[in-house]
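# Understanding the architecture of this molecule
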Amino acid sequence: MKRLHQIVSELLASGKAKLVIGYEKGTGEKRRPAFISDANEVERLVFDSQCSHNLSVYLTKPEYKHVTEIAVFATPQTMRAVVRLAGENQFQDKKLSFIVMDQDQNALLIEGAEVLANHLGKEKIALSSAQEELLAKFEAMSREERFAYWKEQLSNCVKCYACRAACPMCYCTRCTVEVNQPQWISVPSSLQGNFEYHIMRAMHMAGRCVDCGSCEAACPLGLPLNIITRRMIKDIEASLGPDIVSMDTKSVLNTFQPNDKENFIR
Amino acid sequence: MENNIKVVAFVCNWCTYAGADLTGTSRIKYSSDVKIVRFPCTGRIDFMLLMKAFAEGADGIIVSGCHPNDCHYTSGNFHARRRWIVFKSVLETFGIDTRRIQFSWVSAAEGAKWAEIVNTTVERIKELGPYTEYRELAGVEAP
């Protein structure tokens with residue numbers, strides 16, 4: 001932890017970072033995001049295995065648009081999101097540094113998203129065993145059972161859009177759910193609007209989702225949103241090729257191959 | 001009441017719309033249960049339009065455009081094809097009945113193919129019946 005505080009102090013002192021987005025102790029064993037711009041507050045920061053928020057989500061928020069030099073604590077999930085966001089040219093006016101943990105739990109400073117992209121491993125994000133079990137159960141369902149399953153699950157959804165707010169890849173300043181000319185997503189609390197919202201969210205994540213699990217973690221009602229993203233990533237990989245997180249891979253729906261294969265178009 | 005189904009066809013202006021026109025000028029009869037909506041290109045057909053069609057009363061949907069390599073705008077249908085592949089997978093995740101959506105390529109010269117696509121799709125939708133399963137969601141309070 002000493003090394004971590006030293007790195008952050010140096011970043012703030014040298015002006016390489018005007019803002020540090022990290023973690024601090026929250027309720028109980030939990031960790032919560034901390035925003036620090038004063039070197040005297042560095043002691044608050046922690047970085048351990050309990051840290052799970054994907055902090056890259058804050059980099060595109062309007063509140064931090066005007067801050068150019070930002071340092072972020074990056075878990076593997078955060079790294080994936082940052083690299084994909086950089087690939088979508090979201091950080092062109094930013095000077096970012098990242099603090100990551102190496103295998104021995106030592107803090108390591110990485111400057112620039114390009115360097116972070118090289119640091120990023122190829123391994124995928126693993127699901128918890130409960131999630132794996134649920135996914136396997138879901139895969140075995142018939143169409144009718146799936147429809148019934150989502151009818152039941154989505155009847156709890158209050159459309160609070162926490163999944164949208166927590167998602168690093170959701171950074172549009174104007175979202176389809178707020179458009180009312182025409183009204184794409186029905187506003188009244190009906191199941192249909194909930195289906196429309198979640199289908200739309202999935203489609204807008206297609207080929208962009210970094211599988212960080214922030215949406216499911218943020219859901220106050222505990223909806224199994226990982227099923228949606230994980231299945232989509234799997235299907236895309238099966239039909240359109242591997243899902244690689246790097247600076248220069250275009251998302252699947254932004255590009256095409258003349259010989260893309262499908263078996264349902266007549 | 002058996003005939004009371006609605007099929008909406010989202011077609012591109014340059015190929016399928018012209019193809020459907022040819023079906024008419026060739027005096028080939030096809031089902032009148034289909035309502036055709038003309039778009040500049042299949043690349044313009046947003047997936048939300050299909051969701052809205054189901055919500056507003058469509059029992060089946062046909063989406064059709066130029067064959068690959070024949071797009072008026074060079075690549076619109078290539079992009080559309082990828083979108084359909086992903087959309088179909090997303091719909092299957094949610095248990096939406098994908099048998100009710102027919103994707104096809106119909107060129108301006110394929111009047112007979114258009115009639116065949118419409119007729120087989122309408123036939124299939126008639127067998128499946130009206131898509132009340134999805135429309136009823138609008139009336140279910142949630143939460």
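Every chain begins its residue count from 1, and numbering advances along the sequence as written. As a convention, the first chain written is A and the first ligand written is 1, with the rest following in written order. Reporting in this predicted model follows two pLDDT cut-offs: at least 70 for local features of residues, and 80 or more for side-chain atom pairs to be given and counted; totals over whole chains, interfaces and linings ignore these cut-offs and use all residues.

If you tally the helices and strands in chain B, you get 5 helices and 4 strands. Helices (α) and strands (β) of chain B occur, in sequence order from the N terminus, as β-α-β-α-β-α-β-α-α. Its C-alpha radius of gyration of 15 Å places chain B within 12% of the 15 Å reference for a compact globule of 143 residues. For chain B, the spread of C-alpha atoms along the three principal axes comes to 50 × 35 × 20 Å. For the exposure call, what matters is how many other C-beta atoms sit within 10 Å of a residue's own: 20 or more marks it buried, 12 or fewer exposed, and in between partly exposed, using C-beta atoms placed from the backbone. Split into buried and exposed, the 143 residues of chain B put 50% on the buried side. Secondary structure elements follow DSSP: runs of H or I of four or more residues count as helices, runs of E of two or more count as strands, with numbering from the N terminus. C-alpha atoms define the radius of gyration, and 2.2 Å times the number of residues to the power 0.38 defines the globule rule.

What follows is about helix α1 (residues 2-14) of chain A. Residue and element names in this part refer to chain A. What a helix should span is 1.5 Å times the count of its residues minus one. Compared with an ideal rise of 1.5 Å per residue, which puts 13 residues at 18 Å, α1 spans 18 Å between its outermost C-alpha atoms and is within 8% of the ideal. When we look at burial in α1, the residues that qualify are Leu4, Ile7, Val8, Leu11 and Leu12. Summarising the axial view, the buried residues of α1 lie within an arc of 125°, below the 170-degree limit, and thus occupy one face. Across α1 from its buried face, at more than 90 degrees, point the exposed residues Lys2, Arg3, Ala13 and Ser14. Check the buried side of α1 and you find it contacts β1 (19-25), β3 (45-46), β4 (69-73), β5 (95-101) and β6 (107-111). In the stretch just after α1, Gly15 is the one whose phi turns positive, near 80°. What the arc measures is the spread of directions leading from the helix axis to the C-beta atoms. Contacts here follow a simple rule: the backbone-placed C-beta atoms of the two residues must lie within 7 Å.

Moving on, we get to the nonpolar core. Here, a nonpolar core denotes buried Ala, Val, Leu, Ile, Met, Phe, Trp, Tyr and Cys residues that are linked to one another through C-beta atoms within 7 Å. Val72, Phe73, Val82, Ile99 and Met203 of chain A together with Val7 and Ile61 of chain B are the most contacted members of the largest nonpolar core, which has 112 residues in total. Here this core spans two domains, and each of domain 1 (2-119) and domain 2 (129-254) of chain A adds at least three residues to it. For Val7 of chain B, the contacting residues outside a window of four places in its chain are Asp33, Val34, Ala58, Asp59, Gly60, Ile61, Ile62, Thr121, Val122 and Ile125 of chain B. A domain assignment, automatic or from a database, supplies the domain bounds used here.

Bringing the sheet that holds strand β1 (residues 7-12) of chain B into the picture now. Residue and element names in this part refer to chain B. One bridge is not enough; two strands pair if DSSP finds at least two bridges between them. One open sheet holds the 4 strands; their spatial order is β2-β1-β3-β4, and the pairing between them is parallel. Looking along the sheet, the strands with just one partner apiece sit at the ends: β2 (34-39) and β4 (101-105). With strand direction ignored, the average angle separating the axes of adjacent strands in the sheet is 20°. Looking at chain direction, β1 and strand β3 (residues 60-65) are connected through 5 bridges and run parallel. Paired with Phe10 across the bridge in β3 is Val63. Note on definitions: angles span 0 to 180 degrees between N-to-C directions of axes, and those axes are lines fitted to C-alpha atoms, for helices only across the stretch in contact. Most of the contacts of helix α1 (residues 16-25) go to β1, to which it runs at about 115°, and overall it touches β1, β2 and β3.

Moving on, we come to the environment of Gln92 of chain A. Mapping Gln92 of chain A onto the fold places it in the loop between α2 (76-87) and β5. Judged by the 6 C-beta atoms lying within 10 Å of it, Gln92 of chain A falls in the exposed class.

Turning next to the interface of chain B and chain A. On the chain A side, the residues contacting the 35 residues of chain B number 40 residues. With 14 residues, the top contributor of residues to the side of chain B that touches chain A is helix α3 (residues 76-94) of chain B.

The subject of this paragraph is the environment of Leu253 of chain A. Here Leu253 of chain A lies in the segment after α9 (225-240). Classification of Leu253 of chain A as partly exposed rests on a count of 19 C-beta atoms within 10 Å. Those residues within four positions of Leu253 of chain A in sequence are excluded, and the remaining contacts are Ala206 and Gly207 of chain A together with Arg82, Arg83 and Val86 of chain B.

Glancing now at the domain arrangement of chain A. Residue and element names in this part refer to chain A. What the domain assignment lists for chain A is domain 1 (2-119) and domain 2 (129-254). The C-alpha centroid of domain 2 is placed 26 Å from the C-alpha centroid of domain 1. Facing 16 residues of domain 1, the contacting portion of domain 2 comprises 15 residues. Of all elements in the fold, only α2 and α3 (113-119) reach the threshold of two or more residues within the side of domain 1 that touches domain 2. At 8 residues, α2 tops the list of elements feeding residues into the side of domain 1 that touches domain 2. Charged means Asp, Glu, Lys or Arg here, nonpolar means Ala, Val, Leu, Ile, Met, Phe, Trp, Tyr, Cys or Pro, and polar covers whatever is left, Gly included. Of the residues contributing to the side of domain 1 that touches domain 2, the split by class is 6 nonpolar, 7 polar and 3 charged.

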